[in-house]
Amino acid sequence: MGDKIGNRRGCREPSVRCAAAAAIAAVLALVGAARADDYPSRSVHVIIPFGPGGVTDIVSRVLFDAMAKVLGQAIVIENRAGASGTIATEFVADAPPDRYTLLVDDPSGPLATGVSLYASRRIDQLTRLEPIAPFGTTGAVLVVAANFPAQTLADFVALAKQKPGELLYGSTGIGTPGHLNGALLDRIVGIDARHVPLAAVLPYIQSGQLRALAAAGEHRLRELPNVPTVKESGCGNYDVSSMYALFAPGGTASDIVGVLKRATDQVLNDEDVASVSAKPASN
Amino acid sequence: MTGSAELVSEILKARIDQWAGVINAAGISAE
């Protein structure tokens, strides 16, 4: 046995050192298993990178209320907003991989954009965070004022090309997903629309003050089933859907990640959680 | 939705590259 272990570990001949290494590895494996069995033995903190009341916050609270029951421990949600989520990302990336500080973030949006928007912070999101599981998505939609002349996305693109720099698009601020999604659309369809900050738009669509031109994802939105996707509108592939995913600090033990992954999946199969998460988002 | 950690990693890698191109081309800075 000592030979086999020694050879696997690159030892040229069996030795006390190799045998000791094997023994230590076995002990560490047992310790890891015991930790997973006991986990969590106290409350878990989940960091939300945005303020209270937003979609990420609401969806996360529903999920983690149910997950706390599955895990048998309280899950404390902390909102650490700022710098498009980068402050929260840094906080969790710098946390010890002690399994009790986790992060909710969007790998398709702010977690990815922060690399370029805040380059001087130099966080390596790919190594400093350990993905656990995705637990939801939301779509996006392109809308215009109800009295705007464009009836379709193709109309809008044609108009924008006639008036470079004159059409405006809204988001909730510089560097936010809405802002960057607009910049991406500019690039994909070859227009020059200018960005201005705005508020949530779904209520305005539902009241008829805004007209939805296209859903900005792979599929039509549940809340707006008659609105075609950008692809259906003939304007190329444009998917700026958001994803909610749970992360742990990089280096978190795989067995703990497994415990959290199984708990997440179990909660997502709960009808109560599914029914709440199926409600339309308002921003 | 349910899914894997690998899916999250793949999306994150792809989107880091995608957004870097958009942000740099548009000259967007949040700092």
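The structure presented is a predicted model; accordingly, all values stated were derived computationally and were not measured. (Residues numbered from 1 in each chain as written. Chains lettered and ligands numbered in written order. Predicted model: local features only at pLDDT ≥ 70, side-chain atom pairs only at ≥ 80, totals over all residues.)

Asks: Describe the sheet that holds strand β3 (residues 101-105) of chain A, with residues and values.
Replies: Residues and elements named next belong to chain A. Taken together, 5 strands build an open sheet; the order of strands is β2-β1-β3-β9-β4 and the sheet is mixed. In the strand order of this sheet, the two ends are held by β2 (75-79) and β4 (129-138), each with one partner. Averaged over all adjacent pairs, the angle separating strand axes in this sheet is 25°, with direction ignored. Here strand β1 (residues 44-48) pairs with β2 via 5 bridges, running parallel. Among the inter-strand pairings, Val 44 is bridged to a residue of β2, identified as Ile 75. In the packing of helix α10 (residues 254-268) onto the sheet, contacts are made with β4 and β9 (242-249), and the angle to β4 comes to roughly 10°. (Pairing = 2+ DSSP bridges. Helix = DSSP H or I, 4+ residues; strand = E, 2+ residues; numbered from the N terminus. Axes fitted to C-alpha atoms, helices over the stretch in contact; angles between N-to-C directions. Contact = placed C-beta atoms within 7 Å.)

Asks: For helix α1 (residues 5-26) of chain B, give the residues involved together with the corresponding values.
Replies: Residue pairs three or four apart in sequence face the same way in an α-helix, which turns once every 3.6 residues. An ideal rise of 1.5 Å per residue puts 32 Å on 22 residues; α1 of chain B measures up with 31 Å between its terminal C-alpha atoms. What α1 of chain B keeps buried is the set Ala 5, Val 8, Ile 11, Leu 12, Arg 15, Trp 19, Val 22 and Ile 23 of chain B. Summarising the axial view, the buried residues of α1 of chain B lie within an arc of 110°, below the 170-degree limit, and thus occupy one face. Along α1 of chain B, the residues that are exposed and aim more than 90 degrees away from the buried face are Glu 6, Asp 17, Gly 21, Asn 24 and Ala 25 of chain B. For α1 of chain B, the elements touching its buried residues are α5 (110-117), α6 (125-128), β4, α8 (177-189), β9 and α10 of chain A. Immediately beyond the C-terminal end of α1 of chain B, within one or two residues, lies Gly 27 of chain B, with a positive phi of roughly 70°. (Expected span 1.5 Å × (residues − 1). Buried ≥ 20, exposed ≤ 12 C-beta atoms within 10 Å, placed from the backbone. Arc of directions from axis to C-beta.)

Asks: Which residues make up the nonpolar core, and what are the values?
Replies: Residues and elements named next belong to chain A. Grouped together as the largest cluster of nonpolar side chains are 73 residues, with contacts concentrated most on Leu 63, Val 141, Ala 216, Leu 246 and Phe 247. Inspection of this core shows a minimum of three residues originating in each of domain 2 (39-136 + 243-277) and domain 3 (141-215). In this structure Leu 63 touches Phe 135, Val 267 and Val 273, once residues within four positions along its chain are discounted. (Core = buried A, V, L, I, M, F, W, Y, C linked by C-beta atoms within 7 Å. Domains from an automatic or database assignment.)

Asks: Describe the confidence of the model for chain A, and please don't skip the residues or the numbers.
Replies: Residue and element names in this part refer to chain A. Here chain A averages 82 in pLDDT, while 83% of its residues score no lower than 70. Mean pLDDT values over the elements of chain A span from 34, in helix α1 (residues 2-8), up to 97, in β1. In this model residues 1-34 is a low-confidence stretch, pLDDT under 50, and it forms 16 contacts with partners more than four residues away in sequence or in other chains. For the stretch residues 279-283, pLDDT sits under 50, and the model shows 12 contacts to residues farther than four places along the chain or on other chains. (pLDDT = per-residue confidence, 0-100.)

Asks: Can you tell me about the packing of α8 of chain A against α1 of chain B, naming the residues and giving the values?
Replies: Two elements in contact, α8 of chain A and α1 of chain B, have axes whose closest approach is 10 Å; the angle formed by their N-to-C orientations is 85°. As judged from the angle between their axes, α8 of chain A and α1 of chain B are roughly perpendicular. In this structure, α8 of chain A uses Leu 180, Ala 183, Leu 184 and Arg 187 of chain A to contact α1 of chain B, whose residues at the interface are Trp 19, Val 22, Ile 23, Ala 25 and Ala 26 of chain B. For the contact of α8 of chain A with α1 of chain B, a count of residues per class yields 8 nonpolar, no polar and 1 charged. (Parallel < 35°, antiparallel > 145°, perpendicular 65-115°, else oblique. Nonpolar A, V, L, I, M, F, W, Y, C, P; charged D, E, K, R; others polar.)

Asks: Could you give me a rundown of the interface of chain B and chain A, with the residues and numbers involved?
Replies: With 22 residues of chain B at the contact, the number on the chain A side is 33 residues. Of the residues in the side of chain B that touches chain A, the class split is 15 nonpolar, 4 polar and 3 charged.

Asks: I'd like a description of the confidence of the model for chain B, backed by residues and values.
Replies: Low pLDDT means the predicted coordinates in that region are not meant to be read closely. Summarising the model, chain B shows a mean pLDDT of 88, and 94% of its residues fall at 70 or more. The ipTM, which scores confidence in the relative placement of chains, is 0.89 for this predicted complex, and the corresponding pTM is 0.78.

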